[in-house]
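Letter by letter, the chains look like this.
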Amino acid sequence: MSENPLETFREECNELLDEMESALLALEEQPGDEEHVNSVFRAAHTIKGTAGIFGFDDVQSFTHRAENILEQVRSGTVALNDNLIALLLASKAHIVVLFEFALDDAAPDAITTDRGHALIASLGD
């Protein structure tokens, strides 16, 4: 593992995003599996928190919104269905893009920003 904190975060974030995707794909087969729901939530929560430490505000803000939906799924106030899983997979992909902008020390372009707003609106948060 790298001794550079940013490189360590990059590696950790990539692992968490892979875990998030794997758990979401598993939820397509087993939508009621609490372990997978909790895995997705933990990954989002960790990415959000660590992104905040590095000042990656766009990553933190977007991931926070997705995390809110996941918390509602965990509490049973929002039902997990195929549409929501697809939106969460799209959200995971969006986090990847935001993360790349952050690592390049660049603001997301208008298309990326619009995509994020559309995902948040679709998630209903």
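Our structure's up above, just so we're on the same page.
Basis of the calculations
Along every chain, residues carry numbers that run from 1 in the direction the sequence is written. Only residues with pLDDT of at least 70 are given local features in this predicted model, and only at 80 or more are side-chain atom pairs given and counted; all residues enter the totals for whole chains, interfaces and linings. Only hydrogens and water are set aside when side-chain values are computed; all heavy atoms of the structure are taken into account. Cavities and pockets were defined on a 1 Å grid built over protein atoms only: a cavity is a set of grid points that admits a 1.4 Å probe from which the probe cannot escape, a pocket is an open set flanked by protein on both sides within 12 Å along at least five of seven lines, and lining residues are those with an atom within 4 Å of any such point. Grid points are joined across faces, edges and corners, and a volume is the space filled by probe spheres set on the points. Under the DSSP-based scheme used, a helix requires at least four consecutive residues in state H or I and a strand at least two consecutive residues in state E, with every element numbered from the N terminus. As a working rule, the residues Ala, Val, Leu, Ile, Met, Phe, Trp, Tyr, Cys and Pro are called nonpolar, Asp, Glu, Lys and Arg charged, and the rest polar, with Gly in that last group. A helix's residues, less one, multiplied by 1.5 Å, set its expected span. Type-normalised accessible area, obtained with a 1.4 Å probe on protein chains alone, sets the label of each residue: buried when under 20%, exposed when over 50%, and partly exposed for intermediate values. Contacts were defined at the residue level, with two residues in contact if any of their heavy atoms lie within 4.5 Å. For this analysis, a polar contact is any N or O atom pair within 3.5 Å, provided that within protein one partner can donate a hydrogen and the other can accept it, and provided that sequence-adjacent residues contribute only side-chain to side-chain pairs. Under the pairing criterion, centres of Phe, Tyr and Trp rings, with the six-membered ring standing for Trp, must be within 6.5 Å; the plane angle then separates stacked pairs below 30 degrees from edge-to-face pairs above 60, leaving the rest tilted. The rule for a charge over a ring is simple: NZ of Lys or CZ of Arg within 6 Å of the ring centre, and within 35 degrees of the ring normal.

Visitor: Which residues make up empty space enclosed by the protein, and what are the values?
Guide: What the rule picks out here adds up to one cavity of 30 Å³ or more. Of the pockets and cavities examined, the largest cavity occupies roughly 50 Å³. What lines the largest cavity is simply Met20, Leu24, Val40, Ala44, Thr63, Ala66, Leu70, Leu88, Ser91, Lys92 and Ile95. Of all the secondary structure elements, the ones that give two or more residues to the lining of the largest cavity are α1 (5-29), α2 (34-53), α3 (57-75) and α4 (82-103). Its residues assigned to classes, the lining of the largest cavity comprises eight nonpolar, two polar and one charged.

Visitor: Let's hear about α2: which residues, and what values?
Guide: Taking 1.5 Å as the rise per residue, α2 with 20 residues should run 28 Å; its terminal C-alpha atoms sit 28 Å apart, in good agreement. Along α2, the positions that sit buried rather than exposed are Val37, Ser39, Val40, Phe41, Ala43, Ala44, Ile47, Lys48, Thr50 and Ala51. Of the surrounding secondary structure, the elements contacted by the buried residues of α2 are α1, α3 and α4. Put simply, Asp33 is the residue that caps the front of α2, since its side-chain oxygen is 2.9 Å from the backbone nitrogen of Glu35. After α2 finishes, the residue Gly55 shows a positive phi value of roughly 75 degrees.

Visitor: Mind laying out the environment of Gln72, listing which residues take part and the relevant values?
Guide: Along the polypeptide, Gln72 turns up in helix α3. Judged by its relative accessible area of 28%, Gln72 falls in the partly exposed class. With 56 residues separating them in the primary sequence, Gln72 and Leu16 have C-alpha atoms 20 Å apart.

Visitor: Can you explain the packing of aromatic side chains? Please cite residues and give values.
Guide: Under the defined criterion, the tally for this structure stands at five aromatic pairs. The interplanar angle of 10 degrees and the centroid separation of 5.3 Å between the aromatic rings of Phe9 and Phe54 together place this pair among those described as stacked. Taken together, the residues Phe9 in helix α1 and Phe54 in the loop between α2 and α3 connect sequence positions 45 residues apart. For Phe54, a relative accessible area of 29% translates into the label partly exposed. Ring centres of Phe9 and Phe56 lie 6.1 Å apart, and the angle between their planes is 40 degrees; this geometry places the pair in the tilted category. Remark: Phe56 occurs in the loop between α2 and α3 and Phe9 occurs in helix α1; sequence separation between them is 47 residues. Assessed through its relative accessible area of 2%, Phe9 is described here as buried. Members of the aromatic cluster, each reached through a chain of ring pairs, are Phe9, Phe54, Phe56 and Phe99. Directly above the aromatic system of Phe41 lies the positively charged group of Arg74, at a separation of 4.0 Å from the ring centroid.

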